[in-house]
Each structure stands twice: as structure tokens, then as C-alpha cells.
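# Close look at the chain arrangement
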Amino acid sequence: LDCSFEQSFCDWTDDLNAKRLWTRHNGGTPSFNTGPRVDHTFGNTSGWYVYFETSFPVQPNENAILTVHDGCGNGWLTYDPNKNCLLTFAYHMFGATVGSLNVYVQLKGGDVSTVWVKQGAQGASWFVDSVDVRPYLKGASQFKVRFEAVSGSSFTGDIALDDLMLGPCPTSVAPPVATTGTPSVPLVITTTPSCFSY
């Protein structure tokens, strides 16, 4: 499930129910004064990352959703404290009209928690953050992780991700974050059994 996007999207894929798609890219984004110039993994123009391009024809409040998949298209992860407990990711949100980046944990059965939110410009740098999924599982054994980028009012709102990792549990459990609102589009629930567990 770890991905630096150097070769591909790895085990992550676009949710086609969203309005727009993530783009795998290296170097600077095409628009001026927005997006990263280098990747997070290597810090140079040869390294790859994924980003949400907010130039025309993208309109305000449109979204792109990146979700983990399991190789057969349904994306349910089977919780394992030694494998997929702590989500760590690098993000980049630079530009005058950056919208928001939201992270969701969805349980098989429909419950969706907003576990991380960042809104507006954060400067022309990469940042790293992490989320402990345990407080959001509520006893469930299968879940999904989704990253949603939402466009702001204009083209200077590119949002990028790099170095996605799902790893072992930390020694302490972080409390759930307070959340408000709902996902910009409904998160579609699938019921196909998992091909295999991570």
C-alpha cells in the first residue's frame, strides 16, 4: 500500500464517481504560482507525485478522490495492526485559491468518518502528517481510505500528494478529530468480497 508514485499509482486509484481525476506528474505543474516544483520523495524534478489540477475546465467546488484498492476493484482493507493502522502522507497546497484536502475512513457497511482536513494555501512546501485509523474503525474489520481534493475559486489551487503509507500502529492511540460537514460527493459503497487482505 506504500506508494511514492515513481512507477505508477500502485494500489491507489481514482474514484470515478468524483468530478475530476488525479494526475501523476513530475516537475512543476503547468499553472503559474501553484502546485509543487519538485516531488517529496527525492526533492527534485525527476521524482513523481500525484496532483489535482484546478485549471479550466475545472470549476469551483469540484473534486478528485484517490482511494486504495485491493487488486479486484473494491478497495476494502482488512484491518491488521501490524500492516495498515497508521496512515502517513505528504501533501502540498500552494496557491492563492487552494480549496481543501480531506481524508476519509469508510467502513464496510457505510459509516464514513472525516479524519483529517486542511483548507486553503499552506505555503510552497511539502508537509507530512499521519492519522491513526483505530478510533474510526468502531469494531469493524474492513475499511477504505480516501483522499479528496476540492477545487477553490480559480486555477491557482493545485493540491498534491506523495509518499502514501499505511503501516503498523503507533504505541498510543490519537483521539478522533472533530469533524463537520460531509464529503462533497457520496462515497459509493461496494459489497464485492475482497480478493485478498493486506
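Described in the following lines is the structure provided in the data block. (Residues numbered from 1 in each chain as written. Predicted model: local features only at pLDDT ≥ 70, side-chain atom pairs only at ≥ 80, totals over all residues. Heavy atoms only, no water.)

## Re the nonpolar core
Core analysis: the largest hydrophobic core is formed by 35 residues, its most contacted members being Trp22, Leu66, Phe89, Leu101, Phe147 and Leu161. For this core, the secondary structure elements donating two or more residues are strand S3 (48-52), strand S4 (63-68), strand S6 (86-93), strand S7 (100-107), strand S8 (112-119), helix H1 (134-137), strand S10 (142-150) and strand S11 (159-167). (Core = buried A, V, L, I, M, F, W, Y, C linked by side-chain atoms within 4.5 Å. Buried < 20%, exposed > 50% of the residue type's maximum accessible area, 1.4 Å probe, protein only. Helix = DSSP H or I, 4+ residues; strand = E, 2+ residues; numbered from the N terminus.)

## Description of the environment of tyrosine 91
Relative to the helices and strands, tyrosine 91 resides in strand S6. Once residues within four sequence positions are removed from consideration, tyrosine 91 is found in contact with Leu101, Trp116, Lys118, Gln122, Ser125, Trp126, Phe127, Val128, Asp129, Ala160 and Leu161. (Contact = heavy atoms within 4.5 Å.)

## Remarks on the packing of aromatic side chains
Per the counting criterion, the structure on display carries nine aromatic pairs. Note on tyrosine 91 and tryptophan 116: the rings are 5.0 Å apart at their centroids and 65° apart in plane angle, and the pair reads as edge-to-face. A residue pair is termed long-range when its members are at least 10 positions apart, and tyrosine 91 in strand S6 and tryptophan 116 in strand S8 qualify at 25 residues. Judged by its relative accessible area of 5%, tyrosine 91 is buried. In textbook terms, an aromatic cluster arises when at least three aromatic residues are bridged by ring pairs, as seen for Trp12, Phe89, Tyr91, Trp116, Phe127 and Phe147. Over the aromatic face of tryptophan 48 sits the side chain of arginine 24, whose NZ or CZ is 4.0 Å from the ring centroid. The residue whose ring lies beneath lysine 144 is tryptophan 76, and the NZ or CZ to ring-centre distance is 4.5 Å. (Phe/Tyr/Trp six-rings, centres within 6.5 Å; stacked < 30°, edge-to-face > 60°. Lys NZ or Arg CZ within 6 Å of the ring centre and 35° of its normal.)

## Digging into the sheet that holds strand S2 (residues 23-26)
Either a parallel or an antiparallel arrangement is found when strands of a sheet pair, and the pairing is made through backbone hydrogen bonds. The five strands are arranged S2-S3-S11-S6-S9 in an open sheet whose pairing can be described as antiparallel. For this open sheet the edge positions go to S2 and strand S9 (127-132), each flanked by a neighbour on one side alone. Strand-to-strand twist in this sheet, taken as the mean axis angle between neighbours without regard to direction, amounts to 40°. Bridge count between S3 and S11: three bridges; the pairing is antiparallel. Within the sheet, the bridge partner assigned to phenylalanine 52 lies in S11 and is isoleucine 159. (Pairing = 2+ DSSP bridges. Axes fitted to C-alpha atoms, helices over the stretch in contact; angles between N-to-C directions.)

## A look at the pattern of salt bridges
Summed over all chains, the structure comprises four salt bridges. Close ionic contact of aspartate 15 with arginine 146 constitutes a salt bridge, the shortest N to O distance being 2.4 Å. Placement of aspartate 15 in the loop between strand S1 (12-14) and S2 and of arginine 146 in strand S10 is noted, with a sequence separation of 131 residues between them. The pair aspartate 15 / arginine 146 is uniform in exposure class, with both members buried. A salt bridge links aspartate 111 to lysine 138; the shortest N-O distance between them is 2.9 Å. One end of the pair, aspartate 111, is in the loop between S7 and S8; the other, lysine 138, is in the loop between H1 and S10, with 27 residues separating them in the sequence. The class of aspartate 111 is partly exposed, set by a relative accessible area of 33%. The class for lysine 138 is exposed, based on a relative accessible area of 56%. (Salt bridge = Lys/Arg side-chain N within 4 Å of Asp/Glu carboxyl O.)

## Remarks on the pairing of S3
In terms of residue burial, S3 counts as a mostly covered element, since four of its five residues are buried. Looking at chain direction, S2 and S3 are connected through four bridges and run antiparallel. Residue histidine 25 lies in a different strand from S3, and its bridge partner there is tyrosine 49.

## Digging into the state of the cysteines
Following the criterion strictly, the structure yields two disulfides and no others. Through a disulfide, cysteine 3 is tied to cysteine 10; the S-S separation comes to 2.1 Å. In this structure, the disulfide formed by cysteine 3 and cysteine 10 twists by about 70° around the S-S bond and is classed as right-handed. Exposure remark for cysteine 3: the relative accessible area of 3% places this residue in the buried category. (Disulfide = S-S within 2.5 Å.)

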